[in-house]
Amino acid sequence: MTGCNFKELEATARGEINNPNFPPPIFNRSTQSPTSVPTSALTPSNRFNPASFVPSASTSIPTKTTTVNALWLSDIHLGCKDCKADYLLSLLETVRCQHLYLVGDIVDLWALKRKLHWPDSHNKVLQKIIELAQNGAQVIYLPGNHDELIKPYAELSLWNIKIARQHIHQGVGGHKLLMLHGDQFDADVCVGRFYALLGDHLYDLLLFLNRNLHSLRECLGYPYWSLASYVKSKVGKAQTAIGHYRQAVLNYAQHFDVDGVICGHIHQPELSIHPISAQHSTPDRRQIIYANDGDWVENCSLITETLSGELQLCRWNEQTLKLDILSSIALVQQPPETHKNQQQTAAKQPMPNTNTSETRPRDVA
C-alpha cells in the first residue's frame with residue numbers, strides 16, 4: 001500500500017472508539033496520518049397508503065430552506081478519485097436534517113490501499129459529518145464492504161457517530177424502515193460474479209471515461225450526466241443482477257416488522273413498492289417499500305424523509321444547487337397547511353438535540 005499508515009490509524013481508532021469527547025481527526029496529506037484538531041464550539045400514525053405512491057415528475061426544491069427529518073447517503077467512496085465530494089459537501093451545507101444515516105461504503109478503504117487519494121474536499125466531507133453529529137443530529141454509520149474494517153466496532157460510538165450493522169428508523173408517522181448496506185447478498189445474486197465477469201479494469205475504464213466526459217461537459221456548461229449509469233442501464237445482465245439484488249433485499253426485509261427497506265451497494269437509485277409474500281403478509285401490511293439511495297460516484301443521489309413523512313428519492317443538481325425529486329411515496333397523509341406551518345416552524349428553531357434520553361429507533365440484533 002502506498003503512503004498511508006493503516007496500522008497507526010487502526011491503533012488510534014481502537015484506543016479512542018469509546019471516547020466520544022476525542023477530537024475529530026483531520027487527515028494531513030503531508031504526513032499521511034490522522035492528527036487531532038480542537039473541536040469547534042457546539043451550536044444550538046398512520047401506515048403508508050399504497051394508493052398514494054405516485055412517482056412524481058422531476059421537480060426541484062430550493063435547498064437553502066430545505067429541512068428534512070431524515071437523510072440517507074451511501075456509497076460516497078471517500079478516498080476514491082471518482083467520488084463527487086464537492087457536490088456532497090454543497091448538499092450537506094444547505095440541507096438540515098435531524099437524522100443522518102450513512103448506509104455503507106462511506107470511506108473507500110479498498111481504493112486507499114491501492115493508492116492514497118485524500119484531497120481537501122474529501123476531508124471536508126468527513127469533518128462536516130462529524131460536525132453534524134456533534135451539533136445535535138443523530139448520525140448512524142452502517143459500514144459496507146469497502147469500509148468493512150469498521151464492522152467489528154458495531155454498537156460503539158465515535159465522535160457521537162453510532163456504528164451499527166443494521167438499524168430500524170421510525171418515521172414521522174410511525175412507519176418503520178430497515179436499513180442495511182446490502183453487500184451480504186452478493187453471493188446470493190451473483191452481483192460480485194457479474195462485476196468479475198465485466199472485469200475490474202473494464203469498470204475502471206468506464207469510470208475513467210465518465211470522469212473525463214464530465215470534465216468536458218462542465219467546461220461546456222452542461223450539467224453532470226453519468227455515462228457509467230447509462231451504460232449499465234443498457235446492459236441486460238446488469239439489469240438482471242439488479243433485479244435479483246432487489247428481490248434478495250426484499251425477501252430479507254420481510255422477516256422484520258417493517259414498512260420498507262433502505263439499502264445501497266449496487267449504485268442504482270430506486271424508490272418503489274412491491275407486494276409482500278403470502279407467508280409474511282398481514283391484513284394491514286401487504287406491500288413493502290424498496291429504496292436504494294444510489295451513490296456519489298455515478299449518480300449523486302439520496303433518500304430523504306420530509307417533515308410531513310414523505311419518502312423522496314432525490315438527485316443533487318450541482319448547477320442550481322437544488323434537490324431534483326425523482327419520485328416520492330407519501331407515508332403520512334397530512335393537510336398542506338399543516339405541512340407548510342411545520343416547515344416554517346422548523347426553519348426558525350435550532351435543530352433539536354437527539355443525543356438525549358428520548359426514544360430513538362431500535363437496532364436490529
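What you see as residue numbers is a count from 1 along each chain, following the sequence as written. In view of the model being predicted, local features appear only for residues whose pLDDT reaches at least 70, and side-chain atom pairs are presented and counted only at 80 or more, with totals across whole chains, interfaces and linings using the full set of residues. Side-chain measures here rest on the full set of heavy atoms in the structure, leaving out hydrogens and waters.

Draft legend 1. Spatial organisation of the overall build of the protein chain. Only DSSP runs of H or I covering at least 4 residues are called helices, and only runs of E covering at least 2 are called strands; the numbering of each starts at the N terminus. Within the protein chain, the secondary structure is distributed over 10 helices and 16 strands. Per-residue burial for the protein chain yields a buried fraction of 51% across its 365 residues. Where accessible areas are quoted, they stem from the Shrake-Rupley method and a 1.4 Å probe; at the residue level, only the protein chains shown are allowed to cover. Accessible area of the protein chain: about 17200 Å², with a carbon and sulfur share of 54%. Exposure categories follow from relative accessible area, calculated using a 1.4 Å probe and restricted to protein chains: below 20% of the type maximum is buried, above 50% is exposed, and the middle band is partly exposed.

Draft legend 2. Quick look at the packing of aromatic side chains. Aromatic pairing here means that ring centres of Phe, Tyr or Trp (its six-membered ring) are within 6.5 Å. Orientation follows from the plane angle: under 30 degrees is stacked, over 60 is edge-to-face, and everything else is tilted. Across all of its chains, the model carries four aromatic pairs by this definition. Each residue in the set Phe185, Tyr245, Tyr252 and Phe256 is aromatic and connected to the rest through ring pairs, giving one cluster. In this analysis the charged atom, NZ for Lys or CZ for Arg, is taken to sit over a ring once it is within 6 Å of the ring centre and within 35 degrees of the ring normal. Of note, Arg246 hangs over the ring of Tyr290, and the distance from its end group to the ring centre comes to 5.9 Å.

Draft legend 3. Seen up close, unusual backbone geometry. Residue Glu155 is not a glycine yet carries a positive backbone phi of 75°. Mapped onto the elements, Glu155 comes out in the loop between strand E6 (138-141) and strand E7 (157-158). Not every positive phi belongs to a glycine, and Asn160 is a case in point at roughly 70°. You can see Asn160 is positioned in the loop between E7 and strand E8 (161-163). For Asn160, a relative accessible area of 29% translates into the label partly exposed.

Draft legend 4. Main features of the nonpolar core. Grouped together as the largest cluster of nonpolar side chains are 44 residues, with contacts concentrated most on Leu73, Leu78, Leu91, Leu100 and Trp296. Residue contacts for Leu73: discarding those within four places in its chain leaves Leu88, Leu91, Leu92, Leu100, Tyr101, Leu102, Val103, Ile106, Asp293, Trp296 and Leu302. What makes a nonpolar core is a set of buried Ala, Val, Leu, Ile, Met, Phe, Trp, Tyr and Cys residues whose side-chain atoms join them at distances within 4.5 Å. With 20 residues, the next largest nonpolar core counts Ala70, Ile303, Leu311 and Val332 among its residues. It only takes one pair of heavy atoms within 4.5 Å for two residues to be counted as in contact.

Draft legend 5. Region of interest: the state of the cysteines. Only a pair of cysteine sulfur atoms within 2.5 Å counts as a disulfide in this structure description. Taken as a whole and judged by the stated rule, the model has zero disulfides. We note that Cys80 lacks a disulfide partner, and the nearest cysteine sulfur, in Cys83, lies 7.2 Å from it. Unpaired in terms of disulfides, Cys300 finds its nearest cysteine sulfur in Cys83, a separation of 8.7 Å.

Draft legend 6. Representation of the sheet that holds strand E13 (residues 287-292) within the structure. Note on pairing: DSSP must find at least two bridges between two strands before they are called paired. Strands sit in the order E9-E10-E11-E13-E12 across an open sheet of five strands; the sheet is mixed. Either end of the sheet is taken by a strand with one partner, and the two such strands are strand E9 (167-170) and strand E12 (270-275). Averaged over all neighbouring strand pairs, the angle between strand axes comes to 25°, with direction disregarded. Note: strand E11 (residues 260-263) against E13, four bridges, orientation parallel. In the sheet register, Cys263 faces E13, and the bridge partner there is Asn292. Convention adopted: a line fitted to C-alpha atoms gives each axis, helices being fitted over their contacting stretch, and angles between N-to-C directions are expressed from 0 to 180 degrees.

Draft legend 7. View of the packing of helix H2 (residues 85-94) against helix H4 (residues 120-134). Two elements in contact, H2 and H4, have axes separated by 9 Å at closest approach and are oriented at 25°. Taken together, the axes of H2 and H4 lie roughly parallel to each other. In the crossing of H2 with H4, the sense of the turn from one axis to the other is left-handed. Along the contact surface, H2 presents Ala85, Asp86, Leu88, Leu89, Leu92 and Glu93, while H4 presents Ser121, His122, Lys124, Val125, Lys128, Ile129 and Leu132. Each residue gets one label: Ala, Val, Leu, Ile, Met, Phe, Trp, Tyr, Cys and Pro are nonpolar, Asp, Glu, Lys and Arg are charged, and the others, such as Gly, are polar. Partitioning the contact of H2 with H4 into residue classes produces seven nonpolar, two polar and four charged. In this scheme, roughly parallel covers angles under 35 degrees and roughly antiparallel covers those over 145, while 65 to 115 is roughly perpendicular and the rest are oblique. Crossing handedness is read from the near helix: turned anticlockwise from the far helix by less than a right angle, it gives a left-handed crossing, and turned clockwise, a right-handed one.

Draft legend 8. Local environment of a nonpolar patch on the surface. Patches here: salt-bridge-free residues with over 30% relative accessible area, like charges joined within 9 Å, nonpolar side chains (Val, Leu, Ile, Met, Phe, Trp, Tyr) joined within 5 Å. Here, a salt bridge means any Lys or Arg side-chain nitrogen found within 4 Å of an Asp or Glu carboxyl oxygen. Together, Leu216, Leu220 and Tyr222 make up an exposed nonpolar region whose accessible area comes to about 340 Å². Relative to the elements of secondary structure, Leu216 occurs in helix H7 (residues 200-219).

Draft legend 9. The arrangement of the side chain of His265 in detail. Among the secondary structure elements, His265 is positioned in the loop between E11 and E12. Residue His265 is classed as buried on the basis of its relative accessible area, which comes to 10%. At a separation of 3.2 Å, a polar atom in the side chain of His265 contacts the side chain of His181. Among the polar contacts listed, one links the side chain of His265 to the side chain of Asp186, at a separation of 2.8 Å. In protein, a polar contact means a hydrogen-donor-capable atom and an acceptor-capable atom, both N or O and within 3.5 Å, with residues adjacent in sequence counting only if both atoms are side-chain atoms; elsewhere, any N or O pair within 3.5 Å suffices.

Read these as spatial facts, not as claims about activity.
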